[in-house]
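Analysis of the macromolecular model
Here are the chains, one letter per residue:
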Amino acid sequence: MSVGQRSTLRQRLFAFLVAGLGGLAAAAASFAMTVYEASNSRPTPTVAAGEPIDTGRWVITFRGARTGSVPPTGTEPSQPKTFLMVEFDLDNRSAATSNAFASMFDIDPPITDVQAPAFYLARDKWIASGVHPGIPEHMIAAWEWPKAQPLPQDLRLVVGSQIYKRRDNLYGGSGWFDRDPVAIVALPVKTEMVVGPGQ
Amino acid sequence: MRTGLKETGAIIFAAAILYAMQRTTPLYSNITSPVSIAGEQGKRTDARAFALAVGDVHLARTVRIERFGQTRTYTTSGVWVLVEAAAEAKRESLTLTSAEWLGPSGLRYSLSQRISTMPAMLPAERLEPGLPKPVLMAFEVPENELAGGTVLVAPSAFTPLGEEVRVAITELAVGDIPGAVTIRRSDGPMPWTLETE
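This section reports on the structure supplied with the text. Keep in mind it's a predicted model, so treat the numbers as computed, not measured.

1. Notes on the overall build of chain B
- Broken down by element type, chain B carries two helices and 15 strands.
- Relative to the 2.2 N^0.38 estimate, which gives 16 Å for 197 residues, the radius of gyration of chain B is 23 Å and therefore markedly larger than a compact globule would have.
- Referenced to the eigenvectors of the C-alpha coordinate spread, the extents of chain B come out at roughly 90 × 40 × 25 Å.
- A total of 197 residues make up chain B; the buried ones form 39% of that total.
- Within chain B, counting contacts between residues at least 6 apart in sequence, those at least 24 apart form 70% of the total.

In structure tokens, the structure reads:
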């Protein structure tokens, strides 16, 4: 083996070593950061009613919660039902009309036998469709509350967030993607007197 | 020394090319975006599967709808945009389910679903080949997105590489927005009448 060959072999070995150690260091740093973030997770901030919450795609301001036997349409159902209603203002900050607000917030902790809420547009007293950008709307979410469940005195809602990606990781398409919750909202529930026939 | 300079130059050149390629790669949404067919307001625009002609565009602060002897008032924080148009299928029956108002800043306003129960609303009308039908579109648009708007109409909002007719709205009295427009059913040649107050 000549001197020249031996030196190139040494150079290559050195290059492999540097690359390997660098890769190991990067993997270790990434792992350590993940572990650190998981063990020192920042608590989700609690936001009061009336304060706007920036969720990325939407700015939402909760106004209050109440219970009642009449849904936001104003038409009493034929069978007596109880509704838990949350009023909020919603502003679409994205570039297109969207109805993706339906999955933005949820009751915390989740209650299994409560169905997903229906969303109403307050100005129409009717089921809401998409909310347009630059046109904030006053809306009402109404949960039909099961009789077996006690009505809550205080309602805790967890508000999720979304970020816009110009290129997503799978297709390279543009879109909104779910991120961690940004706020917990605690709302006192106002109880409406239930006045039924024969009472 | 000179070889080192050459290598550095090659690396910088390669990095520049890679960066340029990364920045200019079209988005997936661009690659699969609809094929647009430009049209003019007041003229017929022919796509392969359908044809569309956009006529008058009316603005209003509130819309009143008379149905079954009752009047319902629809308010909005923006402005109601009512687009009168005619549409026709060309090869087979179809429904144009997607229409958008593209504002001058690039914001997209889908059809307002609030008055979708009116007859002759575009997404509810089944179009037959060779039979042009009058159709009505309603949008809610903020005032600053009115002037320079474009109406985009497509059979479906989600079909990749589908057809989309784009009609730039040139005749629009943005300065003078009437307070209310009443939409009534009509038995005349048009299935509706618009009355501005």
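2. With respect to the pairing of strand β14 (residues 180-185) of chain B
Residues and elements named next belong to chain B.
- When strand β4 (residues 62-67) meets β14, the two strands line up parallel, connected through four bridges. When the bridges of β14 are listed, Arg64 appears paired with Thr182.
- Across five bridges, β14 lies against strand β15 (residues 192-196) in antiparallel orientation. Along β15, the bridge assignment pairs Arg184 with Thr193.

3. Some points on the pattern of salt bridges
Residues and elements named next belong to chain A.
- Applying the stated criterion to the full structure yields 18 salt bridges over all chains.
- As a salt-bridge pair, Glu137 and Arg123 come within 3.0 Å of each other at their nearest N and O atoms. In this pair, Glu137 is assigned in strand β8 (residues 137-145) and Arg123 in the loop between β6 (118-121) and β7 (126-127), connecting sequence segments 14 residues apart.
- By relative accessible area, which is 6% here, Glu137 ends up buried.

4. Things to note about the nonpolar core
- Membership of the largest hydrophobic core comes to 32 residues, with the highest contact counts inside it found for Leu52(B), Val81(B), Trp101(B), Met137(B), Phe139(B) and Val153(B).
- Only β3 (50-60), β6 (79-89), β8 (98-102), β11 (133-141), β12 (150-154) and β13 (163-168) of chain B provide two or more residues apiece to this core.
- Among the elements that take part in this core, β6(B) stands out by supplying six residues, more than any other.
- Ile53(A), Val86(A), Phe119(A) and Leu157(A) belong to the second-largest nonpolar core, a separate cluster that totals 30 residues.

5. Describing the pairing of β8(B)
Residue and element names in this part refer to chain B.
- Burial analysis of β8 places five of its five residues in the buried class, which makes it a mostly covered element.
- Where burial is concerned, the two faces of β8 agree: the one with Ser98, Glu100 and Leu102 and the one with Ala99 and Trp101 are both buried.
- Pairing analysis gives five bridges linking β8 to β12, with the strands arranged antiparallel. The residue bridging Ser98 from the neighbouring strand is Ala154, located in β12.
- Relative to strand β9 (residues 108-110), β8 runs antiparallel, the two sharing three bridges. Paired with Trp101 across the strands is Tyr109, a residue of β9.
- Once β8 ends, the chain turns through five residues before running back antiparallel as β9, passing Gly106 with a positive phi of about 95°.

Rules of the game
Per-chain numbering applies: the sequence of each chain, read as written, is numbered from 1 onward. A letter from A marks each chain and a number from 1 marks each ligand, given out in the order of writing. Two thresholds apply to this predicted model, a pLDDT of at least 70 for residue-level local features and 80 or more for giving and counting side-chain atom pairs, whereas whole-chain, interface and lining totals are computed over all residues. Hydrogens are left out, water is left out, and the side-chain values use all remaining heavy atoms of the structure. A run of H or I in DSSP counts as a helix once it spans at least four residues, and a run of E counts as a strand once it spans at least two, with each numbered from the N terminus. The atom set for the radius of gyration is the C-alpha atoms, and the globule formula is 2.2 Å times the number of residues raised to the power 0.38. Only protein chains enter the accessibility calculation, which uses a 1.4 Å probe; a residue whose area is less than 20% of its type maximum is buried, one above 50% is exposed, and one in between is partly exposed. By the convention used here, residues are in contact when the closest approach between their heavy atoms is within 4.5 Å. Any two strands are treated as partners once DSSP identifies two or more bridges connecting them. A pairing counts as a salt bridge when a side-chain nitrogen of Lys or Arg comes within 4 Å of a carboxyl oxygen of Asp or Glu. Remark: nonpolar core denotes a set of buried residues (Ala, Val, Leu, Ile, Met, Phe, Trp, Tyr, Cys) joined through side-chain atoms within 4.5 Å.

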